[in-house]
Amino acid sequence: MPQSIDIVFIGLAITSSWGNGHATTYRSLLKGLHQRGHRVLFLERDLSWYAQHRDAPRLPYCETQLYSDVADLRDRFAERIRTADAVIVGSYVKDGREVCDWVLEHARGVRAFYDIDTPVTLARLRDDSCEYLRADQIPGFDLLLSFTGGPTLHRLESVFGARRACALYCSVDVEQYQPQRVARNIDLGYMGTYSQDRQEGLERLLNQSARCMPTRQFVVAGAQYPQELQWPANVRRIDHVAPAEHARFYGCQRFTLNLTRADMRCAGYSPSVRLFEAAACGTPIISDDWPGLCDVLVPREEILVAQTAAEVATYLQDLTAADCELIAQAARERVLAAHSSSHRAAELERYIETARGDGAQRRARAHSGPRTFAAI
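One structure accompanies this document, and this report is about it.

Rules used in this analysis
Residues numbered from 1 in each chain as written. Predicted model: local features only at pLDDT ≥ 70, side-chain atom pairs only at ≥ 80, totals over all residues. Heavy atoms only, no water. Salt bridge = Lys/Arg side-chain N within 4 Å of Asp/Glu carboxyl O. Helix = DSSP H or I, 4+ residues; strand = E, 2+ residues; numbered from the N terminus. Core = buried A, V, L, I, M, F, W, Y, C linked by side-chain atoms within 4.5 Å. Buried < 20%, exposed > 50% of the residue type's maximum accessible area, 1.4 Å probe, protein only. Contact = heavy atoms within 4.5 Å. Pairing = 2+ DSSP bridges. Axes fitted to C-alpha atoms, helices over the stretch in contact; angles between N-to-C directions. Parallel < 35°, antiparallel > 145°, perpendicular 65-115°, else oblique. Left-handed = near helix turned anticlockwise from the far one by under 90°. Nonpolar A, V, L, I, M, F, W, Y, C, P; charged D, E, K, R; others polar.

## As for the pattern of salt bridges
Where charged atoms from two side chains of opposite charge come close, those side chains can pair. Inspection of the entire model under this criterion finds 30 salt bridges. The partner of Arg45 in a salt bridge is Asp95, with the nearest N and O atoms 3.0 Å apart. Of the two residues, Arg45 is situated in strand E2 (residues 39-45) and Asp95 in the loop between strand E4 (86-90) and helix H4 (96-106); the sequence distance between them amounts to 50 residues. Among the charged side chains, a salt-bridge network with shared partners connects Asp6, Arg39, Glu63 and Arg80.

Structure (structure tokens):
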């Protein structure tokens, strides 16, 4: 383990998980960094939506501070930004372009952008509609940390000029997410904030399955679903499941459904935090398919893939409890071996150390002057 690193994150939100998948990702990563001896400050814009639903105003493994606007951020935290070993700006930060400009100008340590929404960001950069990042800012960062791996990393470097693009997937807090001794009285469940581009998959794989199997029990948990949506009678809706209750929520399910946003499904190599959480809790997963899934969990051995309600029905009706246990245990072992908080924190350590080395080399070249060659 390297010596302690002083890291400042400026992210969307860590204090509220309500309708905010970023919170779970940040909490797991920062807990891993703390356990490995690093000092972490998380700076979050004080937004009314999250203020109304703040389930973790203080966290034991990092310092959290709220700021009112960019001027407040500059006034109160300029010294921490200037002296930190690494400053990491996350995607979807309000006024993110202005924040990025400030960090790129003032931070002396490693400067990184952590894109938890990479395919969405790249789609918006094409028409300059991305509110939290400009394309011309990407080459200024020492690191571009991406929720999406695979070919997207090469594109970030070759097309957008990223100095070093690295995959930094989400992770799972294995102390919090463990198998539960509860009755599995839900046949299929899903947890996720409403997204229009995921709704078609939810309708096709869960709602249609529920209509075809009226004696089975289903549940959908998540915020921001439109009131006008119609749900089958055997689908129960829950507005929010607090992170402390996630493990029990997964434990009550015979199977859990994983759905991927359209841009991420197209890009591939974008495993969701719910995928790792469910696997760590020992719940068999039924997922949509996307490139790179087999690099995370092996279909038919560690995860089940479905494209139709008929395939979902086959899994629910034909697989025995022993079959499900084998799949769930294999997935749990795989996730615990590669996708824990500690694993992801160690990856980030390596990326920061490499970026430090890159920066030292650039400074050395800049100070060495033009090269001269002896006559042959």
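## Description of the nonpolar core
Side chains of nonpolar character tend, in soluble globular proteins, to be buried together. By size, the foremost hydrophobic cluster in this structure holds 59 residues, and its most contacted members are Phe9, Leu30, Leu33, Tyr114, Leu143, Leu145 and Leu348. Apart from residues no more than four positions distant in its own chain, Leu33 is found in contact with Ile7, Phe9, His38, Val40, Ala345 and Leu348. Within the second largest apolar cluster, 35 residues are counted, among which are Tyr67, Val89, Leu104 and Ala165.

## Some thoughts on unusual backbone geometry
With a phi close to 60°, Asp128 is a non-glycine residue in the positive phi region. Tracing the sequence through the fold places Asp128 in the loop between helix H5 (118-125) and strand E6 (143-146). For Asp128, a relative accessible area of 48% corresponds to the partly exposed category. One non-glycine residue, Gln224, lies in positive phi territory at about 75°. Topologically, Gln224 is positioned in the loop between strand E9 (218-221) and strand E10 (235-238).

## Here we look at the pairing of strand E11 (residues 253-258)
The two faces of the sheet receive side chains in turn, since in a regular strand these alternate between them. E11 sits mainly inside the fold: five of its six residues count as buried. Sheet topology note: the strand E8 (residues 186-191)/E11 ladder contains four bridges and is parallel. Each residue of the ladder has a partner; that of Leu188, found in E11, is Phe255. Direction of pairing for E11 relative to strand E12 (residues 285-287): parallel, over a ladder of three bridges. The residue of E12 that forms the bridge with Leu257 is Ile286.

## Some details on the packing of helix H3 (residues 70-83) against H4
For the pair H3 and H4, interaxial distance at closest approach is 11 Å and the crossing angle is 30°. Accordingly, the angle class assigned to the pair H3 and H4 is roughly parallel. Handedness of the H3/H4 crossing: right-handed. Contacts from Val70, Leu73, Arg74, Phe77, Ala78, Ile81 and Arg82 of H3 reach H4 at Glu98, Val99, Trp102 and His106. Considering only residue class, the contact of H3 with H4 consists of seven nonpolar, one polar and three charged.

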